[in-house]
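Here is how the chains run, residue by residue.
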Amino acid sequence: MKEKLEEIKSIWEKFIKKDEISKDINPIILQSWLRCRDLNVDYKKGRGLNISEVELKRIKEENKELLEVAWPIMKNLHSIVLGSEFVLVLTDKNGYVLESIGEENIRREANKLNFLPGCLWSEEAVGTNAIGTCLKVDQPIQVIGAEHYCLYHHYWTCSAVPIHDDKGNIIGCLDMSGDSYGAHKHTLGIVVAAAYSIENQIALLRSHKLIDTTIESISDGMIIIDKNYKVNKTNNIASEILGLTREEIHHMDIRNVLRDVDFKREILKQKNSQRYIDCNFNINNKRIPCSANIAPIVTKNESIGAAIVFREVKYLHNAVNSVSGNKATYTFDDIITENKKMKNVIKLAKKISRANCCVLIEGESGTGKELFAHSIHNHSNKKNGPFIAINCASLPRDLMESELFGYEKGSFTGASKEGKPGKFELADGGTLFLDEIGELPLELQAKLLRVLDNLKVTRIGGKYEKKLDVRVIAATNRNLYEEVRRKSFREDLYYRLNVFKIKIPPLRERINDIEVCVKYFLNKLSVAQKYDKKPSEDFIKKLKSYKWKGNVRELQNIIERAYYLSEGQVITDECLPEDLFYDSIYKDGLSDISLETVEKRTIIHALIKSKGHVIEAGKLLNLSKSSIYRKIKKYNIDLNEIV
């Protein structure tokens, strides 16, 4: 070794003093010498450049991950080479020393050269050295004796290896330095192995951080178990859903929690994934209904565990309801009226909406029962929950029960293999609107009553009751009380639904709303078609004289028809259907109406023609002033609705 060191010394002296270049020098070392000469590095010096404590603290913070990983490996390596008079040094990517470890005597010598934390050991600062040069050329290097550019370093041998992150970027350097007479080629191999271990640990740490970040970033709960059914990893969402700490979850046996899932046979043995299954997490004598995806973790064709991704059913239902449009779109502001009776109905409905009890809406077809149901929901404390509407008259009888209450997988032939939630479950946290409730079969009325009494539902084929938070609004165009008397509707269900009743008056009983609705519908059409049209006086008069069996819905259809038929900006009565030109009294026929009804309608018709002028109406009917006033009082005709 002495002869080799003297040979290197001779080559160095010739380069420094005579600019002679020897072919026996390591090309990497030679290129470094040339760089140092070009940088005017003083070969007579070579002490590391000091930085402040504040700057060192900042650099250490920037390299926190590298320090956390490398320091245990450095301590382990030091224990192996203890007694060999070497110092281990870790630097950042620029050559600033972050940490060092070594025996006291070698550390004292190193300190003389400022070879300690907070000093810079780049080529520009101290010339050719293992740290600065390996960072410059990005490869492991051993620098022995006079291969160092600066004279102060000629008593040292240094072996350094660059450290890379998982993307291949240089993030630091690991160096092992000692007396030049102790140089050995295996020293570099030891440092290479240590640096490789640091790189692997950093890659693994970042991989774990990526996995942890991914697990934490998903909006579902996640639990990863091993083949012994013990929990290895979980996320915060899982803790929130289950109401347990991570430590408590890690002590669970998943078989005791998910009793509906056959982990041993289905997941681990047969390696089957289960997707979108409804299951109950049994936590502290409490069932938490969830939808879960469970997939085996397979390596070398063997299941070593499983990943469980789950979400509470109620949040899943909210997402389904949002996508499928299960929400109330109307408010009380959308109910157009000038009628006193109708305004009182709206006032009552607003009061009722604040309660959480059942509401029964009665009214003829087309009066706006669903509009009121939407408005009640949007005025209630459940306005942010789902609004599920189901028409009991439109469902086949054999599907009605499964639609309302849902079913478990395999409950009947043709059932979905995953099972299906019913409308009650989908409405959890919101409102269920049962339209045409009078069409519900008697056999289902009993089950509906049980659900309304305890707000718990059991799916067809299910074992467990599910607690619900649902407000039920029912509507019918029938007289349910009469249906009860006929034994076609259960009396107990009627009284359960009829906590609050809203009875919507038909359009013919609020004649003053006709003109208001006409203008509203025409305005909407004018905005949509970008062409403004107005109704004529005769047009409005004819509409007011019609009976309106179809109520507001029929009126809206006739207005739309008239808008498109009208060629000018004014819509005349010529655009109305022919049957509106005839008095509804005669159109209906006399066989099924009383003389009093005929008389009342005749008086109303005369008042419309006279624009509410009572005496003029009396003249049209050949009645005296006192007679016409007496009959107006008898039939409770509201003159304010006529005009």
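Residues numbered from 1 in each chain as written. Predicted model: local features only at pLDDT ≥ 70, side-chain atom pairs only at ≥ 80, totals over all residues. Heavy atoms only, no water.

### Regarding the overall build of the protein
Assigned secondary structure in the protein consists of 28 helices and 21 strands. Overall, the C-alpha framework of the protein stretches about 145 × 60 × 40 Å when taken along its three principal axes. Here the protein holds 643 residues, and the buried ones make up 48% of them. Pairs at least 24 apart in sequence give 64% of the contacts found in the protein among residues at least 6 apart. Accessible surface for the protein amounts to roughly 33,500 Å². Of this, 49% is attributable to carbon and sulfur atoms. Side chains of the protein give 99 positive and 89 negative charges; the mean places of these two sets differ by 6 Å. (Helix = DSSP H or I, 4+ residues; strand = E, 2+ residues; numbered from the N terminus. Buried < 20%, exposed > 50% of the residue type's maximum accessible area, 1.4 Å probe, protein only. Contact = heavy atoms within 4.5 Å. Areas by Shrake-Rupley, 256 points an atom, 1.4 Å probe, with all protein chains shown as cover. Lys, Arg positive; Asp, Glu negative; His and termini not counted. Charge placed at Lys NZ, Arg CZ, Asp CG, Glu CD.)

### Structural notes on the pairing of strand β10 (residues 274-283)
Consecutive residues of a regular strand have side chains that alternate between opposite faces of the sheet. Within β10, seven of the ten residues are buried, which leaves the element mostly enclosed by the surrounding structure. Bridge count for β10 against strand β11 (residues 286-299) is eight bridges, and the pairing is antiparallel. Across the sheet, residue Gln 274 finds its bridge partner in β11, namely Ile 294. From the end of β10 to the start of β11, which pair antiparallel, there are two residues, and Asn 284 there has a positive phi angle of about 50°. (Pairing = 2+ DSSP bridges.)

### Examining the side chain of His 164
Here His 164 lies in strand β6 (residues 156-164). Residue His 164 is classed as buried on the basis of its relative accessible area of 18%. Residues in contact with His 164, not counting those within four places in the same chain, are Asp 138, Asn 169, Ile 170, Ile 171 and Glu 199.

### Focus: the packing of helix α21 (residues 512-529) against helix α22 (residues 537-544)
Between α21 and α22, whose axes approach to 9 Å, the crossing angle comes to 130°. Taken together, the axis directions place α21 and α22 in an arrangement best described as oblique. The interaxial crossing formed by α21 with α22 has right-handed handedness. When α21 is examined against α22, the residues Ile 514, Glu 515 and Val 518 are found in contact with a partner set consisting of Phe 539, Ile 540, Leu 543 and Lys 544. Here the residues of the contact of α21 with α22 sort into five nonpolar, no polar and two charged. (Axes fitted to C-alpha atoms, helices over the stretch in contact; angles between N-to-C directions. Parallel < 35°, antiparallel > 145°, perpendicular 65-115°, else oblique. Left-handed = near helix turned anticlockwise from the far one by under 90°. Nonpolar A, V, L, I, M, F, W, Y, C, P; charged D, E, K, R; others polar.)

### A closer look at helix α2 (residues 27-38)
Helix length check: α2, at twelve residues, gives a terminal C-alpha distance of 17 Å against a target of 16 Å (1.5 Å per residue), a fit within 8%. Of all the residues in α2, the buried ones are Ile 29, Leu 30, Ser 32, Trp 33, Leu 34 and Cys 36. In the core, the buried residues of α2 are packed alongside α1 (2-18), α6 (123-126), α7 (130-137) and β5 (141-144). By the N-cap criterion, in which a side-chain oxygen at the helix start approaches the backbone nitrogen of a residue two or three places on, α2 is capped by Asn 26, the distance to Ile 28 being 2.9 Å. Once α2 finishes, Asn 40 follows within two positions and takes phi at roughly 60°, a positive value. (Expected span 1.5 Å × (residues − 1). Polar contact = N/O pair within 3.5 Å; in protein donor to acceptor, adjacent residues only side chain to side chain.)

### Re the sheet that holds strand β7 (residues 170-179)
The strand order across the open sheet formed by five strands is β3-β2-β7-β6-β5, and the pairing between neighbours is antiparallel. Since the sheet does not close on itself, it has two edges, and those belong to β3 (97-102) and β5, each with one partner. Between one strand and the next, the sheet's axes are offset by a mean angle of 15°, whatever the strand orientation. In terms of strand pairing, strand β2 (residues 86-92) meets β7 through seven bridges, oriented antiparallel. Directly across from Asp 92, in β7, lies its bridge partner Gly 172.

### Let's talk about the sheet that holds strand β15 (residues 431-435)
Strand order in the open sheet made by the five strands is β14-β15-β18-β13-β19, with parallel pairing throughout. Both outer strands of the open sheet, β14 (387-391) and β19 (500-503), are each paired with one neighbouring strand and no more. Each adjacent strand pair in this sheet contributes to an overall mean axis angle of 20°, direction not counted. Bridge count for β14 against β15 is five bridges, and the pairing is parallel.

### Some points on the pattern of salt bridges
Inspection of the entire model under this criterion finds 48 salt bridges. A network of salt bridges, in which partner residues are shared, links Glu 65, Asp 165, Asp 166, Lys 167, Arg 206 and Lys 209. (Salt bridge = Lys/Arg side-chain N within 4 Å of Asp/Glu carboxyl O.)

### Regarding the nonpolar core
Formed by 37 residues in total, the largest nonpolar core has its most connected members in Phe 15, Trp 33, Phe 115, Trp 121, Ile 131, Tyr 149 and Trp 156. Once residues within four sequence positions are removed from consideration, Trp 33 is found in contact with Ile 11, Trp 12, Phe 15, Ile 25, Thr 128, Ala 146, Glu 147, His 148 and Tyr 149. Counting 33 residues, the second-largest nonpolar core is a separate cluster that includes Leu 507, Ile 558, Leu 576 and Ile 637. (Core = buried A, V, L, I, M, F, W, Y, C linked by side-chain atoms within 4.5 Å.)

### Focus: empty space enclosed by the protein
Across all of its chains, the model carries two cavities of 30 Å³ or more by this definition. For the largest cavity, the calculated volume is near 60 Å³. The class makeup of the residues in the lining of the largest cavity is five nonpolar, four polar and no charged. Roughly 30 Å³ of volume is contained in the second largest cavity. In this structure, the second largest cavity is lined by Phe 115, Trp 121, Asn 129, Ala 130, Ile 131, Cys 158, Asp 175 and Ser 177. Mapped by element, the contributors of at least two residues to the lining of the second largest cavity are α7 and β7. Classifying every residue of the lining of the second largest cavity by side-chain character gives five nonpolar, two polar and one charged. (1 Å grid on protein atoms, 1.4 Å probe; cavity = no way out; pocket = protein on both sides within 12 Å on 5 of 7 lines; lining within 4 Å. Points joined across faces, edges and corners; volume = space filled by probe spheres on them.)

### Looking at the packing of aromatic side chains
Both the distance between ring centres and the angle between the ring planes are used here to describe each pair of aromatic rings. Applying the stated criterion across every chain, the model contains 13 aromatic pairs. Between the aromatic rings of Phe 115 and Trp 156, the centroid separation amounts to 6.4 Å while the plane-to-plane angle is 70°, which identifies the pairing as edge-to-face. Here Trp 156 lies in strand β6 and Phe 115 lies in the loop between α5 (104-112) and β4 (119-120), a separation of 41 residues in the sequence. The exposure classification of Phe 115 matches that of Trp 156, with both residues buried. On the numbers, 6.4 Å between centres and 75° between planes, the contact of Phe 332 with Phe 372 is edge-to-face. Remark: Phe 372 occurs in helix α15 (residues 369-378) and Phe 332 occurs in the loop between α13 (313-324) and α14 (340-353); sequence separation between them is 40 residues. Considered together, Phe 332 and Phe 372 belong to a single accessibility category, that of buried residues. Each member of the aromatic cluster is reached from another via a ring pair, and the members are Phe 115, Trp 121 and Trp 156. Across from the ring centre of Tyr 563, 4.6 Å away, lies the NZ or CZ of Lys 533, which sits over that ring. (Phe/Tyr/Trp six-rings, centres within 6.5 Å; stacked < 30°, edge-to-face > 60°. Lys NZ or Arg CZ within 6 Å of the ring centre and 35° of its normal.)

### Section: the confidence of the model for the protein
When pLDDT is averaged across the protein, the result is 88; 94% of the residues are at 70 or more. Throughout residues 583-591 the model reports pLDDT below 50, and contacts reaching past four residues in sequence, or to other chains, amount to 15 contacts. (pLDDT = per-residue confidence, 0-100.)

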